[in-house]
Amino acid sequence: MQKELRKILTTLQNALLRHKLLVSVIAGVTVAVLGAFIVAGRSNKPAQAAPRPLDVEVIRVEQKEVPVYSEWVGTTEGMVNADIKAQVTGYLLRQNYQEGSLVKKGQLLFEVDPRPFQAILGQANGQVAQFQGQLEQANSQVLQAEAQVAQANAQLLQAQAQLTQAQANQVKTQLDVNKYAPLAEQKAVTQQDLDNAVQANLVAKAQVEAARAGVETARAQLRAANAQIGTAKAAIATAKGQIENARAAVRTAELNLSFTRIISPIDGIAGIAQAQVGNLISTTSAPLTTVSTVDPIKVFFTLSEQQYLKFTKRNLIEARRGASVVQIELELILSDGTAYPEKGSFFFADRQVDQKTGAIRMAGIFPNPGNVLRPGQFGRVRAVTATKPAALLVPQRAVSELQGSYQVAVVGADNKIEMRTVKVGERSGSEWVIEEGLKAGETVVVEGTQKIKPGAVVNPKPYTKV
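Cut-offs and rules
Residues numbered from 1 in each chain as written. Predicted model: local features only at pLDDT ≥ 70, side-chain atom pairs only at ≥ 80, totals over all residues. Heavy atoms only, no water. Helix = DSSP H or I, 4+ residues; strand = E, 2+ residues; numbered from the N terminus. Buried < 20%, exposed > 50% of the residue type's maximum accessible area, 1.4 Å probe, protein only. Contact = heavy atoms within 4.5 Å. Areas by Shrake-Rupley, 256 points an atom, 1.4 Å probe, with all protein chains shown as cover. Polar contact = N/O pair within 3.5 Å; in protein donor to acceptor, adjacent residues only side chain to side chain. Pairing = 2+ DSSP bridges. Phe/Tyr/Trp six-rings, centres within 6.5 Å; stacked < 30°, edge-to-face > 60°.

Caption draft 1: Broad picture of the overall build of the protein chain. Of regular secondary structure, the protein chain possesses five helices and 19 strands. Relative to its full complement of 466 residues, the protein chain shows a buried share of 33%. Across the protein chain, the fraction of contacts at a sequence separation of at least 24, relative to all contacts at a separation of at least 6, is 77%. For the protein chain, the computed accessible surface area is about 28800 Å², with 53% contributed by carbon and sulfur atoms.

Take a look at the structure:
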């Protein structure tokens, strides 16, 4: 640099000697050149140009009537969730379904070793046969006793006939005695005739007494036969009761034997087996698995008491008897941020508000073709709960949140940035309703808000919605 300066000075001096008329001009040039070189020697930094305006994408604030969405955290749940539990105690023999697969109502899921229950059933059937034999024996005894009763009745009738005949004979012999006694005193008949009549009367009286004894004997036999019938009938009643108890034991044994085949009570998705083959299971064991009906599927979500009252006032939830919730459309946003393609509807509202949380549980119902949704998934349930007239809308990307306050970057007429605090309201799709801080037609920055500062000049370009 210094060598170049010396060369230039030497050249200028020679020029001054040759051209004295241009001394003043050359002197001025020399000073300027020297000044430039001096400045160049002091700093190696090039001169900076004025900053170029930043490119940003902007949009005008719209004003229109918009639907207002509400969102709640939801959890999927099967329409019916059947816990499959053992109803008998025994060793698990085999598993007959594939975990996570669709099973049909009545399909065999597990088998418990049936042999102990088959033995109990055989024993119960044996008791039924034994008591049936006793019943048949008692019936036979009744028939035999009834025959004895009939025979005793016949003997009683015969004895009563003999008694009647003996009494008639005795009356005749008594008449003979009465007739022969005065005649014998008058010597009209012999004493022998009178004695014969008296003797015949005594024999007739003896026959009457014998006939009476025969009647009593026949009556005793009849009573004994009737007693045998009563005993036999009591034996029949006992045998019948024993048979009914034995048959009840058979039905119980058959039911327990059927419980060794554990089947699905519903159509649905079967979960992971919680017991392994060979495990001893009982009625107090944990569920073997769970089968859930998932098409359609329920989604539970919770509303605050204030939201519930607001919905009730808007007649979204009907209060008349037998009504649940009007069928307004629900959307489900899955945990990965995608929207579930099927639309749902309100299913029911719980019977009470939780006093601890001040919230009420609601349920929506969604079609689930292909069983894509499974119980236990989380998501966000959305629904249009109101409409807002003349709402100011900006994209959510245009709103920045800082320590609980919201700001937007407004582009002025001179393309300068003004950071303005706004009050946000409900969300409508991908846009945010602005309650205060903006006017319709103003221009706000959507893309590039991270690069700009208040007062910065920008180059605005139209924002293209994706």
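Caption draft 2: Inspection of the side chain of D113 at higher detail. Take D113: it is sitting in the loop between strand 5 (108–112) and helix 3 (115–185). On the accessibility criterion, D113 (13% relative accessible area) is buried. Side-chain polar atoms of D113 contact the side chain of R115, separated by 2.8 Å. For D113, the contacting residues outside a window of four places in its chain are Y91, L93 and T260.

Caption draft 3: How the structure looks around the sheet that holds strand 3 (residues 90–95). Taking strand neighbours across the sheet as the criterion, the four strands line up as 6-5-3-8 in an open arrangement whose pairing is antiparallel. Both edges of this open sheet fall to strand 6 (261–263) and strand 8 (280–281), since each of them pairs with a single strand only. Inspection of the sheet shows strand 5 paired to strand 6 by three bridges, in the antiparallel sense. By the bridge assignment for strand 6, E111 is matched with R261.

Caption draft 4: Just unusual backbone geometry, in detail. Following D295, the chain continues into P296 via a peptide bond in cis, with omega recorded as 5°. Mapped onto the elements, P296 comes out in strand 9 (residues 289–304). Although it is not a glycine, N371 sits at a positive phi angle of roughly 55°. By the element assignment, N371 lies in the loop between strand 12 (359–366) and strand 13 (378–395). Backbone geometry at Q403 places phi at a positive 55°, although glycine is not the residue there. Its place among the elements puts Q403 in the loop between strand 14 (400–402) and strand 15 (405–411).

Caption draft 5: Expanded view of the packing of aromatic side chains. The final tally for this structure, using the stated rule, is seven aromatic pairs. Measuring from ring centre to ring centre gives 5.7 Å for F301 and F346, while their planes differ by 50°; the resulting arrangement is tilted. Here F301, found in strand 9, pairs with F346, found in strand 11 (residues 344–354); they are 45 residues apart in sequence, far enough to count as distant. For F301, a relative accessible area of 1% gives the class buried. Taking the relative accessible area as the measure of exposure, F346 reaches 2% and is therefore buried. Ring geometry for Y340 versus F366: centroids 6.3 Å apart, planes at 70°, classification edge-to-face. In this pair, Y340 is assigned in the loop between strand 10 (329–334) and strand 11 and F366 in strand 12, connecting sequence segments 26 residues apart.

Caption draft 6: Representation of the pairing of strand 12 in the model. For strand 12, a buried count of seven out of eight residues is recorded, marking the element as mostly surrounded by other parts of the structure. As judged from the eight bridges shared by strand 9 and strand 12, these two strands associate in the antiparallel manner. Paired with T302 across the bridge in strand 12 is R361. Where strand 11 and strand 12 come together, six bridges link them in antiparallel fashion. Across the sheet, the residue bridging to F346 is G364, located in strand 12. With antiparallel pairing between neighbouring strands as the criterion, strand 11 and strand 12 make up a hairpin whose turn holds four residues, including G358 at a positive phi of roughly 65°.

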